[in-house]
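Here is how the chains run, residue by residue.
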Amino acid sequence: MATAHMQSSAVRALQQELKSLNEEPVEGFKVKLKNDENIFEWNVVIFGPPGTLYQGGYFKALMVFPQDYPYSPPSISFVSKMFHPNIYDDGKVCISILHPPGEDPVSGELPSERWNPTQNVRTILLSVISLLNEPNTSSPANVDASVMFRKWKENKGDDYVKIVQKQVELTRKDADADGIVVPVRVEDYVVKSRTTSTSVGGGSGGFGGGSHADQDNNDSDVPFEVYDDQIDYDDDDDEDDEEEEDDEEDGGRADGRANARHAKFEDDEDSGSFHHV
């Protein structure tokens, strides 16, 4: 049972992560609180990665954190219907990174493959995105999906493709209802600009597309936006030279990270796969 101190630490850790993910979004997913009063439950939307069967998909999931996070892993369950070797019929994701830390002789997983407190929401969700295209069929949560996936990879049938494509099409209705344009190209999937938010948005509403973002060179094609309607725009023209130099250095680092991620996804698109984090 988590102590009051551990629970307080979990709250602080989750608040910091949520703030960070709103200020510097990561390609492939969006997060927000399910309810403003409960930091331990997050609504998640995962965009199907370009160049995969899940391209164009808008998959909703629920992420539930334990009271002693990050010492114990959260759980993730898809709300959207998912047919995948490593997703149970009830939507729960089965992936090593979410298994409790330590050794497990039954599963054969190495301790390094399981949860540890250095993991965070970013690494978890990027691993789940990678899992969509690179399932683990050796210990499937959905045996039928695993069998169909293997047959498809061996060119012995396309039933798996048909089921997944049908589910992707169904999720687009949710995207339309939420006012979201799902990125389908690598250049749109990758975060292009750094955004800054004054607060962390929550609530039980959908993933609306009506938020604002700082954009470089008046670029209006920014697929990943923060949820909050209030954005800090720094219009102070009286910044001294030293502060302007710091801003340029920060911008350079942000652009460098974006370019690195862009190059990574272009390489992945060429190879037809997305790698685990």
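Computed from a prediction, not measured in an experiment: that's the story for all the values here. (Residues numbered from 1 in each chain as written. Predicted model: local features only at pLDDT ≥ 70, side-chain atom pairs only at ≥ 80, totals over all residues. Heavy atoms only, no water.)

Before going further, it helps to examine the overall build of the protein. Within the protein, the regular secondary structure consists of six helices and four strands. For the protein, the sequential pattern of α-helices and β-strands runs α-β-β-β-β-α-α-α-α-α. Nonlocal contacts in the protein, meaning residues at least 24 apart in sequence, comprise 65% of its contacts between residues at least 6 apart. Of the roughly 14600 Å² of accessible surface on the protein, a fraction of 46% belongs to carbon and sulfur atoms. (Helix = DSSP H or I, 4+ residues; strand = E, 2+ residues; numbered from the N terminus. Contact = heavy atoms within 4.5 Å. Areas by Shrake-Rupley, 256 points an atom, 1.4 Å probe, with all protein chains shown as cover.)

The subject of this paragraph is the UniProt feature "active site" (unreviewed entry) in the protein. According to UniProt, the "active site" (unreviewed entry) feature falls on Cys94. Examined against the element boundaries, Cys94 turns out to sit in the loop between strand S4 (75–78) and helix H2 (121–133). (UniProt positions renumbered as here; feature names shortened; annotations may be inferred.)

What follows concerns the side chain of Gln119. With respect to the helices and strands, the residue Gln119 is situated in the loop between S4 and H2. Every residue in contact with Gln119, bar those within four places of it in the chain, is listed here: Tyr69 and Ile97.

Within the structure shown, the criterion is met by nine aromatic pairs. On the numbers, 5.8 Å between centres and 70° between planes, the contact of Tyr54 with Phe59 is edge-to-face. Joined through ring pairs, the aromatic side chains of Trp42, Phe65, Tyr69 and Trp115 make up one cluster. (Phe/Tyr/Trp six-rings, centres within 6.5 Å; stacked < 30°, edge-to-face > 60°.)

Moving on, we come to the nonpolar core. Formed by 51 residues in total, the largest nonpolar core has its most connected members in Trp42, Ile46, Met63, Ile76, Phe78 and Leu125. Of all elements in the fold, only helix H1 (4–23), strand S1 (29–35), strand S2 (38–47), strand S3 (58–64), S4, H2, helix H3 (143–153) and helix H4 (159–177) reach the threshold of two or more residues within this core. (Core = buried A, V, L, I, M, F, W, Y, C linked by side-chain atoms within 4.5 Å. Buried < 20%, exposed > 50% of the residue type's maximum accessible area, 1.4 Å probe, protein only.)

With that out of the way, let us pick up the side chain of Glu17. Mapped onto the elements, Glu17 comes out in helix H1. For the buried Glu17, no salt bridge is present, and the opposite-charge side chain at shortest range is Arg122, 6.5 Å distant. Filtering out sequence-adjacent residues up to four positions away, Glu17 remains in contact with Trp42, Tyr69, Asn120 and Val121. (Lys, Arg positive; Asp, Glu negative; His and termini not counted. Salt bridge = Lys/Arg side-chain N within 4 Å of Asp/Glu carboxyl O.)

Before going further, it helps to spend a moment on H3. Taken together, the buried positions of H3 are occupied by Ala145, Ser146 and Phe149. Projected down its long axis, H3 carries its buried residues within an arc of 100°, all on one side. Exposed residues lying more than 90 degrees from the buried face of H3 are Val143 and Asp144. In this fold, the buried residues of H3 make contact with H4. A side-chain oxygen of the first residue of H3 lies 3.2 Å from the backbone nitrogen of Asp144; this N-cap is Asn142. Of the residues trailing H3, Asn155 is marked for its positive phi of about 60°. (Arc of directions from axis to C-beta. Polar contact = N/O pair within 3.5 Å; in protein donor to acceptor, adjacent residues only side chain to side chain.)

It is worth spelling out H2 at this point. Given a rise of 1.5 Å per residue, 13 residues ought to cover 18 Å, and the 19 Å separating the end C-alpha atoms of H2 matches this to within 8%. Counting buried positions along H2 yields eleven of 13 residues, so the element is predominantly enclosed. Every buried residue of H2 is listed here: Val121, Thr123, Ile124, Leu125, Ser127, Val128, Ile129, Ser130, Leu131, Leu132 and Asn133. At the N-terminal boundary of H2, the capping side chain belongs to Asn120, with an oxygen 3.0 Å from the backbone nitrogen of Arg122. (Expected span 1.5 Å × (residues − 1).)

So, on to the pattern of salt bridges. For the coordinates displayed, the defined rule picks out eight salt bridges. Between Lys156 and Glu154 there is a salt bridge whose closest N-O contact spans 3.4 Å. Residue classification places Lys156 among the exposed positions, given a relative accessible area of 62%. Here Glu154 falls in the partly exposed class, since its relative accessible area comes to 45%. Measuring nitrogen to oxygen at the nearest pair gives 3.7 Å for the salt bridge that ties Lys162 to Asp158. Residue Asp158 is classed as partly exposed on the basis of its relative accessible area, which comes to 38%.

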